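# Structural description and commentary
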Amino acid sequence: MAQEQNKDMQDLIEGLNQDLAGEYNAIISYLQYSSKVTGPYRPQLVAFLQTEIPDEQAHAQYLADKIVSLGGEPVVEPKPVKTSNHTREILEFIYEAEAETVENYKVRRNQAEKVGDVALQAQLDNMISDETNHRDEVRKMLSGWG
Ligand SMILES: [Fe+2]
Ligand SMILES: [Fe+2]
């Protein structure tokens, strides 16, 4: 029984570390994309992309703190960052990454429930809400791209 609990906790910590690598990826992506986007909507895109960075940084900080609280070691490497010279493709990368993040956090929420960490579940709900907003805003941009 005790060993089962440990395995669940190990899986949760491993998952949170994958999420942390994803948040590092998001910070770097938004920063790099804000420099690279071109076209008539560049000023709005730069503003949009730059406002995402503090959200993702707060997610990364929360995850790193939580991993340490659970007895783990936070990773230091980001998930590999995709980039492009085409603004539409950049938006597609963002859409895919945010949609994937939402799904990952749903899995993590179930894992948090399994170990009885209600506070982590609540925080993951907030992060699911943030990432869903990011995903849906980018979907709207892409749907009117022409
Ligand atoms: Fe995030
Ligand atoms: Fe996001």
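Residues numbered from 1 in each chain as written. Chains lettered and ligands numbered in written order. Predicted model: local features only at pLDDT ≥ 70, side-chain atom pairs only at ≥ 80, totals over all residues. Heavy atoms only, no water.

## Here's the deal with the overall build of the protein
So the rule is basically this: Under the DSSP-based scheme used, a helix requires at least four consecutive residues in state H or I and a strand at least two consecutive residues in state E, with every element numbered from the N terminus. Exposure categories follow from relative accessible area, calculated using a 1.4 Å probe and restricted to protein chains: below 20% of the type maximum is buried, above 50% is exposed, and the middle band is partly exposed. A contact between two residues is defined here by any heavy atoms of the two lying within 4.5 Å. The sign given to each residue is positive for Lys and Arg and negative for Asp and Glu; His and the chain ends receive no count. Every charge is mapped to an atom, namely NZ of Lys, CZ of Arg, CG of Asp or CD of Glu.
Assigned secondary structure in the protein consists of four helices and zero strands. The order of α-helices and β-strands along the protein, N terminus first, is α-α-α-α. Judged by the C-alpha coordinates and their principal axes, the protein covers about 60 × 25 × 20 Å. By the burial criterion, 40% of the 146 residues in the protein qualify as buried. Taking as baseline every contact in the protein between residues at least 6 positions apart, the subset at least 24 positions apart corresponds to 78%. Counting 14 positive and 25 negative side-chain charges, the protein places the averaged centre of each group 5 Å from the other.

## Re the coordination of the iron ion (ligand 1)
Metal coordination angles in their ideal form are 109.5 degrees for the four-donor tetrahedron and 90 or 180 degrees for the six-donor octahedron. Put simply, the rule reads: Coordinating donors are taken to be N, O and S atoms lying within 2.8 Å of the metal, or within 3.2 Å when the metal is Na, K or Ca; because water is excluded from the atom set, some sites may appear incomplete.
Every protein donor of the iron ion (ligand 1) is listed here as Glu23 (OE), Glu23 (OE), Glu56 (OE), His59 (ND1) and Glu131 (OE), and their distances to the metal cover 1.9 to 2.3 Å. Sequence spacing of the donor residues for the iron ion (ligand 1), all on one chain, is E-x32-E-x2-H-x71-E.

## Thoughts on the coordination of the iron ion (ligand 2)
Taken together, the protein ligands of the iron ion (ligand 2) are Glu56 (OE), Glu98 (OE), Glu98 (OE), Glu131 (OE) and His134 (ND1), with distances of 2.0 to 2.3 Å. Written as a sequence motif, the donor residues of the iron ion (ligand 2) are E-x41-E-x32-E-x2-H. Between the two metal centres, the iron ion (ligand 2) and the iron ion (ligand 1), the spacing is 3.9 Å, with Glu56 acting as a shared donor. Separated by 78 residues along the polypeptide, Glu56 in helix α2 (residues 42-69) and His134 in helix α4 (residues 118-143) bring together distant segments of the chain.

## Describing α4
Stated precisely, the cut-off is as follows: The span one expects for a helix is its residue count, reduced by one, times 1.5 Å. Pairs of N or O atoms within 3.5 Å make up the polar contacts considered here, provided that, within protein, one atom can donate a hydrogen while the other can accept it, and that residues adjacent in sequence are counted only when both atoms are side-chain atoms.
Relative to the 38 Å expected for 26 residues at 1.5 Å per residue, α4 spans 37 Å between its end C-alpha atoms, a close match to the ideal helical length. When α4 is considered as a whole, its buried residues turn out to be Leu120, Gln121, Leu124, Met127, Ile128, Glu131, Thr132, His134, Arg135, Val138 and Leu142. The N-cap of α4, judged by a side-chain oxygen 3.4 Å from the amide nitrogen of Ala119 a few residues on, is Asp117.

## So, the pattern of salt bridges
For side chains of opposite charge, pairing can occur when their charged atoms come near one another. The line we're drawing: By convention in these notes, a salt bridge is any Lys or Arg side-chain nitrogen within 4 Å of a carboxyl oxygen on Asp or Glu.
Applying the stated criterion across every chain, the model contains 12 salt bridges. Between Asp125 and Arg109 there is a salt bridge, and its shortest N-O distance comes to 2.5 Å. Taken as a pair, Asp125 in helix α4 and Arg109 in helix α3 (residues 87-114) lie far apart in primary sequence, 16 residues in all. The exposure class assigned to Arg109 is partly exposed, which follows from its relative accessible area of 23%. Here the residues in one salt-bridge network are Arg135, Asp136 and Arg139, joined through shared partners.

## Describing the packing of α3 against α4
Note the following rule: The axes used here are C-alpha line fits, helices contributing only the stretch in contact, and every angle between their N-to-C directions lies in the interval 0 to 180 degrees. To sort the angles, those under 35 degrees are grouped as roughly parallel, those over 145 as roughly antiparallel, those from 65 to 115 as roughly perpendicular, and the leftovers as oblique. When the near helix sits turned anticlockwise from the far one by under a right angle, the crossing is termed left-handed; a clockwise turn instead gives a right-handed crossing. In this classification, the charged set is Asp, Glu, Lys and Arg, the nonpolar set is Ala, Val, Leu, Ile, Met, Phe, Trp, Tyr, Cys and Pro, and all remaining amino acids, among them Gly, are polar.
Packing of α3 against α4 leaves a shortest axis separation of 9 Å and a crossing angle of 160°. Between α3 and α4, the angle is such that the two are roughly antiparallel. Read as a crossing pair, α3 and α4 show a hand that is left-handed. Split by residue class, the contact of α3 with α4 holds 14 nonpolar, four polar and 11 charged.

## Some thoughts on α3
Helix length check: α3, at 28 residues, gives a terminal C-alpha distance of 41 Å against a target of 40 Å (1.5 Å per residue), a fit within 8%. Among the residues making up α3, those that are buried are Thr87, Ile90, Leu91, Phe93, Ile94, Glu98, Val102, Tyr105, Arg108, Gln111 and Ala112. Phi turns positive, to about 75°, at Gly116, one or two residues after α3.

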